[in-house]
Amino acid sequence: MSDLANVYQLFRSKFEESDFQYYCPPSYIHSLTQSNDKIIFAFRKNQNFAADTNWPSVKTSPKSNTSNNLDLTGSPLKDVSYEEYESIDFSKEYCENTVQNLWTPEEEAYGPLATEKARSIMQNFINLDCRIGRGSIWALCAGTDTDQTVLLQLSINSTSNDQRQFTRGVVRFTGLQASNSISLAQLIGIHRQRAGDGMKFNPKISIQQWCKLCPQITVRLSWHTMGEGATFTVERNARVRLSQDFPINNGAFSRSSMAEYFWQQLQRLALLREKIMDIRANRESGYARNDFISEGEMDLEYVKQKVNNILSSFLAVEPTDFKPSSIADMIQQVEKHDPTDVMERLYDALTLCSNYDDLKAAIDYIFHLSTHSNIVNVPTNGSRFAQLILAMIQDRLAIPSLAGSEPYELLLECGVNKLMNDYRTIFSESGVYELEFEKLFQPQVSNPRKSRYATGSGPQLDVNHHTTKHSALKFQPTTEDRGREKSILVSNFDEDEVKIRINRLAQVHLLLEHLLLLERAVSIPSIYGRVCELYLSQQPYSYGEVYNRKTDLLEFDMDEFMLLRKVEQLQPCARRVAMSSSNLLQKLDTVFYHNVKPLLPERLYPQFECKEIDNKHMFCCYEYDRIERL
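Residues numbered from 1 in each chain as written. Predicted model: local features only at pLDDT ≥ 70, side-chain atom pairs only at ≥ 80, totals over all residues. Heavy atoms only, no water.

J.: Help me understand the overall build of the protein chain in this model?
T.: A count of helical and extended segments in the protein chain gives 18 helices and 16 strands. Burial status across the protein chain gives 54% buried among its 630 residues. Within the protein chain, counting contacts between residues at least 6 apart in sequence, those at least 24 apart form 74% of the total. Working note: accessible area of the protein chain is about 28,800 Å², and carbon and sulfur atoms make up 46% of it. (Helix = DSSP H or I, 4+ residues; strand = E, 2+ residues; numbered from the N terminus. Buried < 20%, exposed > 50% of the residue type's maximum accessible area, 1.4 Å probe, protein only. Contact = heavy atoms within 4.5 Å. Areas by Shrake-Rupley, 256 points an atom, 1.4 Å probe, with all protein chains shown as cover.)

J.: Would you take a moment to explain the pattern of salt bridges for this structure?
T.: On inspection of all chains with the given rule, the structure shows 19 salt bridges. The salt bridge involving Glu 497 is made with Arg 501; its shortest N-O contact spans 3.4 Å. Of the two residues, Glu 497 and Arg 501 are both situated in helix H15 (residues 495–521); the distance of four residues between them amounts to about one turn of the helix. Look at Glu 497 and you get partly exposed, because its relative accessible area is 39%. The class for Arg 501 is partly exposed, based on a relative accessible area of 24%. The residue Arg 549 makes a salt bridge to Asp 552 at a minimum N-O spacing of 3.8 Å. Judged on exposure class, the residue Arg 549 and its partner Asp 552 are both buried. (Salt bridge = Lys/Arg side-chain N within 4 Å of Asp/Glu carboxyl O.)

J.: Can you walk me through the packing of helix H11 (residues 356–372) against helix H12 (residues 384–393) in this structure?
T.: Packed helices, taken two at a time, are described by the angle between their axes plus the distance between the axes. In the contact formed by H11 and H12, the axes pass within 7 Å of each other and the chain directions differ by 35 degrees. Here H11 runs over H12; the crossing is right-handed. In this structure, H11 uses Ile 363, Ile 366, Phe 367, Ser 370 and Thr 371 to contact H12, whose residues at the interface are Phe 385, Leu 388, Ile 389, Met 392 and Ile 393. (Axes fitted to C-alpha atoms, helices over the stretch in contact; angles between N-to-C directions. Left-handed = near helix turned anticlockwise from the far one by under 90°.)

J.: So what exactly am I meant to see when it comes to the environment of Leu 266 here?
T.: Along the chain, the position of Leu 266 falls in helix H7 (residues 260–280). Not counting chain neighbours up to four residues away, the residues in contact with Leu 266 comprise Leu 419, Ile 502, Leu 505, Ala 506 and Tyr 543.

J.: Looking at this structure, I do not really get the packing of aromatic side chains. What am I missing?
T.: By convention here, two paired aromatic rings are described through the distance between centres and the angle between planes. Per the counting criterion, the structure on display carries 25 aromatic pairs. Relative to Tyr 110, the ring of Phe 41 has its centre 5.5 Å away and its plane inclined at 85 degrees; by these criteria the two rings are edge-to-face. Of this pair, Phe 41 sits in strand S2 (residues 39–45) while Tyr 110 sits in strand S3 (residues 110–111), and the two are 69 residues apart along the sequence. On the accessibility criterion, Phe 41 (0% relative accessible area) is buried. Taken together, the aromatic side chains of Phe 11, Phe 15, Phe 20, Phe 125 and Phe 166 make up a single cluster linked through ring pairs. The residue whose ring lies beneath Lys 38 is Tyr 22, and the NZ or CZ to ring-centre distance is 4.3 Å. One Lys or Arg, Arg 549, reaches over the ring of Tyr 541 and ends 4.3 Å from the middle of that ring. (Phe/Tyr/Trp six-rings, centres within 6.5 Å; stacked < 30°, edge-to-face > 60°. Lys NZ or Arg CZ within 6 Å of the ring centre and 35° of its normal.)

J.: Is there a simple way to explain helix H13 (residues 406–429) in this structure?
T.: Given 3.6 residues per turn, any residue in an α-helix points the same way as the ones three and four places further on. If you check H13, its first and last C-alpha atoms are 35 Å apart, about what 24 residues at 1.5 Å a residue would give, namely 34 Å. Within H13, 18 of the 24 residues are buried, which leaves the element mostly enclosed by the surrounding structure. (Expected span 1.5 Å × (residues − 1).)

J.: Help me out: how do you make sense of the side chain of Gln 208 in this one?
T.: Note on placement: Gln 208 falls in strand S8 (residues 204–214). Judged by its relative accessible area of 7%, Gln 208 is buried. A distance of 2.4 Å separates the side chain of Gln 208 from the side chain of Gln 34, its partner in a polar contact. Excluding residues within four positions of it along the chain, Gln 208 makes contact with Gln 34, Arg 220, Leu 221, Ser 222, Ala 574, Arg 575 and Arg 576. (Polar contact = N/O pair within 3.5 Å; in protein donor to acceptor, adjacent residues only side chain to side chain.)

J.: In this structure, what is going on with the pairing of S2? I would like to understand it.
T.: Side-chain direction in a regular strand flips from residue to residue, so the side chains alternate between the two faces of the sheet. Most of S2 sits inside the fold, with five of its seven residues counted as buried. Note: strand S1 (residues 19–23) against S2, five bridges, orientation antiparallel. Along S2, the bridge assignment pairs Tyr 22 with Ile 40. Examined bridge by bridge, S2 and S3 share two bridges and lie antiparallel to one another. Within S3, the residue paired with Arg 44 across the bridge is Gly 111. (Pairing = 2+ DSSP bridges.)

Put into structure tokens, the structure is as follows:
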């Protein structure tokens, strides 16, 4: 755990000619160290970078080991249609040629220092009287020296004024090398030569190897090997970690998704919530026309006729007999099936209304039918809208007069229930997972503070109709309605509760998209349940955050021999090898990092000519030596 706040202030005051940040390490440093501890990072501001880039706000590496984190990747992935995706050849050649950068766009704002200047900053700090601190200082270097140094490290471990310990580290670019020409014995020889005869080699070697199953799915294999004659052959007990970057591309994913229909339903619910918030805040935008994202808008008379048929006609609606199949097939079955629930059918009819007035009139028509006609299809799903209809059918309630946001509120509740049932059916009928929305909708963090629009404690002004809304609390029957039910809640809108539900539904939808990708590229059904548990155990992003993300990361450990056999046939796209030697006085750790892509932004190091790499079997090679005084 780092504690460098005082050291950071010292750097800023003593070395004003350089730029420093105290934050989580850049992606390329995380790739080498696999540590998320905050560091002090020395660099120079890159004046050629876009002026509007918020460069201090750097994201952690997308290859983080923290399974409960979702993170952004360095660059958006190409959006492909489902038909194109189905036709992709997931061959070894295709997979190897699609590897993401190891840095984020924001990190290109950090320009390198001259290597001698970086060394001078480190040495001058050692000479200063600042003895309290724990953590690492890193400097980005230009790589123009003989050793092609790209990073320098100085680790501090000091707890009192009487004792300071420093550990030095250096990262060098060692050139391009064919992947099949690199042997473990060769790397051991380089390390032992650097350690010298005075250090004893530790035979335990840590190896991590990354392979691409498809453009969005990376598998990391981790294992330990022993002895001088060890090779890169994957051990049977290797730990397997799968990382999947689903491309969201600022919402563009929905246009090529098999589950586009369900995402559109979720968009409609989010829009309804915004309409309700606008009306409760007395904004006229809440009554705007053409706001339902419906497939086809119809006039009021058509909607009334459809409503009348739903409630008053005997319809031969047979329960859907879903055939157990793949997740993709189940999505199509659920999308195309005819709903049997009365409220779901009413919801589909009401969403054909083109504006607020038509919706309100259609709901009023439903209420009048419930009191004056023989209703043969009685709603039973327990929603507030269903309870109102049932109470009027049973002559226990007079017809309420809706005002303000109440028509939208009744419609929103029906829509949430319908989408929940659709998702639940997809997951359960395909044998993937049993969704328990009651648990998922529980608030993650208790927050007693409510929105001023959440409880309906005050009157609302119906802007278009110039009436004051009192029915948000309770419908109060008139004198002639004695004997009927005295009161029933017409509106019980809770802003925070609805937000939680929409956020969770967005998370469930992204999980569904992840499962579709896993089913196509991996096809190991035994892992789907665990994926669901891990993904849904995370704090969901808000609907707006989900919609505006470039990619969504899913990471989990697995022990599936079937996947291991698939990976063994692939050429690795990256490799990390760690080994060490020591004696009584000091210890040398060496990390060899190889990747088909450069570790650092290419345009900062034109002398390395990394842009010319066309051979997917060539590795960019880096060596990270760390020497510690014992």
